[in-house]
Amino acid sequence: TGRGRLSGLPIGTDFVYFYTLAHVGHAGTFAALASNAAFYRAQMEVVPAAADTPYPPVYPPQLAVLLSPLAQLSYGAAYATWIALTLALYGLVVW
């Protein structure tokens, strides 16, 4: 991941949570959803550049499974896919 912001955080800072969740789902390591510390360890393995921004596990394992295909992409490609899907769904709802 690149540090593309003046703050030093990765671009798509909130996406770090969903990308970590995707990796949890892909690996089947759902125990990482049981505590803040376990999820933070998973986050550090996936996006070490986001060490200053820990996220608590608040979504259920079903979302981790749904997002798991994103784990096969690099952070940048997964973020671009996330944005494209978000815009497509928004456009569908507005249309």
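Notes on the structure follow. All residue numbers refer to positions counted from 1 along the written sequence of the respective chain. Where local features are concerned, this predicted model is filtered to residues with pLDDT of at least 70; where side-chain atom pairs are given and counted, the filter is 80 or more; whole-chain, interface and lining totals use all residues. Computation of side-chain values: all heavy atoms of the structure, hydrogens and water removed.

## Thoughts on the overall build of the protein
Part 1 of the argument: For helices the rule is a DSSP run of H or I covering at least 4 residues; for strands it is a run of E covering at least 2, with both sets numbered from the N terminus onward. Counting its regular elements, the protein contains four helices and zero strands.
Part 2 of the argument: Beginning at the N terminus, the succession of helices and strands in the protein can be written as α-α-α-α.
Part 3 of the argument: Taking the intrachain contacts of the protein between residues at least 6 apart in sequence as the baseline, contacts between residues at least 24 apart amount to 62%.
Part 4 of the argument: Each accessible area is a Shrake-Rupley estimate made with a 1.4 Å probe; only the visible protein chains count as cover when residues are assessed. Carbon and sulfur atoms make up 66% of the accessible area of the protein, which totals about 5700 Å². The criterion used for residue contact is that any of the two residues' heavy atoms lie within 4.5 Å.

## Some points on the environment of W82
Part 1 of the argument: Within the secondary structure, W82 is located in helix α4 (residues 75-94).
Part 2 of the argument: For W82 and L67, which are 15 residues apart along the polypeptide, the C-alpha to C-alpha distance reads 9.8 Å.
Part 3 of the argument: Leaving out residues up to four positions away in the same chain, W82 has contacts with F15, F18, L67 and L70.

## Some thoughts on the packing of aromatic side chains
Part 1 of the argument: Here a pair means two rings of Phe, Tyr or Trp (six-membered ring of Trp) with centres within 6.5 Å. Their orientation is stacked below 30 degrees between planes, edge-to-face above 60, and tilted elsewhere. Taken as a whole and assessed by the stated rule, the structure comprises eleven aromatic pairs.
Part 2 of the argument: Where Y17 meets Y59, the ring centres are 5.7 Å apart and the plane angle is 50°; that geometry is what we call tilted. Of this pair, Y17 sits in helix α1 (residues 15-27) while Y59 sits in the loop between α2 (36-46) and α3 (61-67), and the two are 42 residues apart along the sequence.
Part 3 of the argument: Looking at Y17, the relative accessible area reads 4%, which means it is buried. Three exposure classes are used, based on accessible area relative to the maximum for each residue type with a 1.4 Å probe and protein chains only: buried under 20%, partly exposed in between, and exposed over 50%.

## With respect to the packing of α1 against α4
Part 1 of the argument: Angles run from 0 to 180 degrees between N-to-C directions of axes, and those axes are lines fitted to C-alpha atoms, restricted for helices to the stretch in contact. In contact at an axis separation of 11 Å, α1 and α4 are set at 110° when each is read in the N-to-C sense. Taken as axis vectors, α1 and α4 run roughly perpendicular relative to one another. For the pair formed by α1 and α4, the contact residues are F15, V16, F18 and Y19 on the first element and Y75, A78, Y79 and W82 on the second.
Part 2 of the argument: Counted by class, the contact of α1 with α4 contains eight nonpolar, no polar and no charged residues. If an angle is under 35 degrees, it is roughly parallel; if it is over 145, roughly antiparallel; if it lies from 65 to 115, roughly perpendicular; otherwise it is oblique. Polar here means any residue outside two lists: the nonpolar Ala, Val, Leu, Ile, Met, Phe, Trp, Tyr, Cys and Pro, and the charged Asp, Glu, Lys and Arg; Gly therefore counts as polar.

## Describing the side chain of T20
Part 1 of the argument: Along the chain, the position of T20 falls in helix α1.
Part 2 of the argument: There is a polar contact of 2.8 Å between the side chain of T20 and the backbone oxygen of V16.
Part 3 of the argument: Non-local contacts of T20, meaning those with residues more than four positions away in its chain, are made with F39, A42, Q43 and V46. Polar contacts, as used here, are pairs of N or O atoms within 3.5 Å; protein pairs need one atom able to donate a hydrogen and one able to accept it. Residues neighboring in sequence count only if both atoms are side-chain atoms.

Function-wise, these values are silent; they only describe arrangement.
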